[in-house]
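# Remarks on the overall topology
Chain residues, written in single-letter form:
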Amino acid sequence: MNEQETPQKELTLSEFQRLIRKMYVEKDIERGFAGTFMWLIEEVGELATALRNGTLRECEEEFADVLAWLTTIANIVGVDLNKALLDKYGAGCPGCGKLVCDCPDYEKP
Ligand SMILES: [Zn+2]
């Protein structure tokens, strides 16, 4: 991983998904989505703790972990996160279609 010795200033979602795949794909496929989902939920719990009691730095670390495990599951099942996000949110709210959501409060999102 010599090309990564210089930290990048920006990382796109696609680049991040490729990076996670490069670092972990064999272990991730072997573990499978069910076991990996457990790791994701554990990290979601750690994020909740950090949001409630942690420093900004601790919150940053937990957001990174949650996104990494979510990305790992996408890799295992073959979901391209960039495509998924563009398809669902790229043109605005999936509920009302607007860039500033005006869906009724009783509906998601
Ligand atoms: Zn909406």
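Computed from a predicted structure; not experimentally measured.

Thresholds, definitions, all that
Residues numbered from 1 in each chain as written. Predicted model: local features only at pLDDT ≥ 70, side-chain atom pairs only at ≥ 80, totals over all residues. Heavy atoms only, no water. Patch = residues over 30% accessible without salt bridge, like charges linked within 9 Å, V, L, I, M, F, W, Y side chains within 5 Å. Areas by Shrake-Rupley, 256 points an atom, 1.4 Å probe, with all protein chains shown as cover. Salt bridge = Lys/Arg side-chain N within 4 Å of Asp/Glu carboxyl O. Helix = DSSP H or I, 4+ residues; strand = E, 2+ residues; numbered from the N terminus. Donors = N, O, S within 2.8 Å, 3.2 Å for Na, K, Ca; no water. Tetrahedral: all angles 85-135°; square planar, octahedral: opposite > 155°, others 65-115°. Buried < 20%, exposed > 50% of the residue type's maximum accessible area, 1.4 Å probe, protein only. Phe/Tyr/Trp six-rings, centres within 6.5 Å; stacked < 30°, edge-to-face > 60°.

Our focus in this paragraph is a nonpolar patch on the surface. Where nonpolar side chains cluster on the molecular surface, the patch consists of F33, V77 and V79 and spans about 270 Å² of accessible area. Locating F33 in the fold gives a position in helix α1 (residues 13-53).

All of the protein donors around the zinc ion are C93 (SG), C96 (SG), C101 (SG) and C103 (SG); their distances to the metal are 2.2 to 2.5 Å. Angles of 101 to 119 degrees at the metal separate the 4 donor atoms of the zinc ion, which places the site in the tetrahedral class. Each donor residue of the zinc ion lies on one chain, and together they are spaced C-x2-C-x4-C-x1-C. Here C93 falls in the buried class, since its relative accessible area comes to 9%. A relative accessible area of 25% means that C96 is categorised as partly exposed.

This next bit is on the packing of aromatic side chains. The description of two aromatic rings rests on the distance between their centres and on the angle between their planes. Tallying each qualifying case throughout the model produces 1 aromatic pair. Arranged with centres 5.6 Å apart and planes meeting at 10 degrees, the rings of W39 and W69 form a pair that is stacked. With a gap of 30 residues between them, W39 in helix α1 and W69 in helix α2 (residues 56-77) connect regions that are remote in the sequence.

Counted under the stated rule, the structure contains 5 salt bridges. As a salt-bridge pair, D28 and R31 come within 3.0 Å of each other at their nearest N and O atoms. Of the two residues, D28 and R31 are both situated in helix α1; the distance of 3 residues between them amounts to about one turn of the helix. Across the pair E60 and R57 runs a salt bridge, and its minimum N-O distance is 3.0 Å. Linking E60 with R57, this pair stays in helix α2, spanning 3 residues, or about one helical turn.

Let us now look at the environment of Y89. Structurally, Y89 is set in helix α3 (residues 81-89). With 10 residues separating them in the primary sequence, Y89 and L99 have C-alpha atoms 9.1 Å apart.

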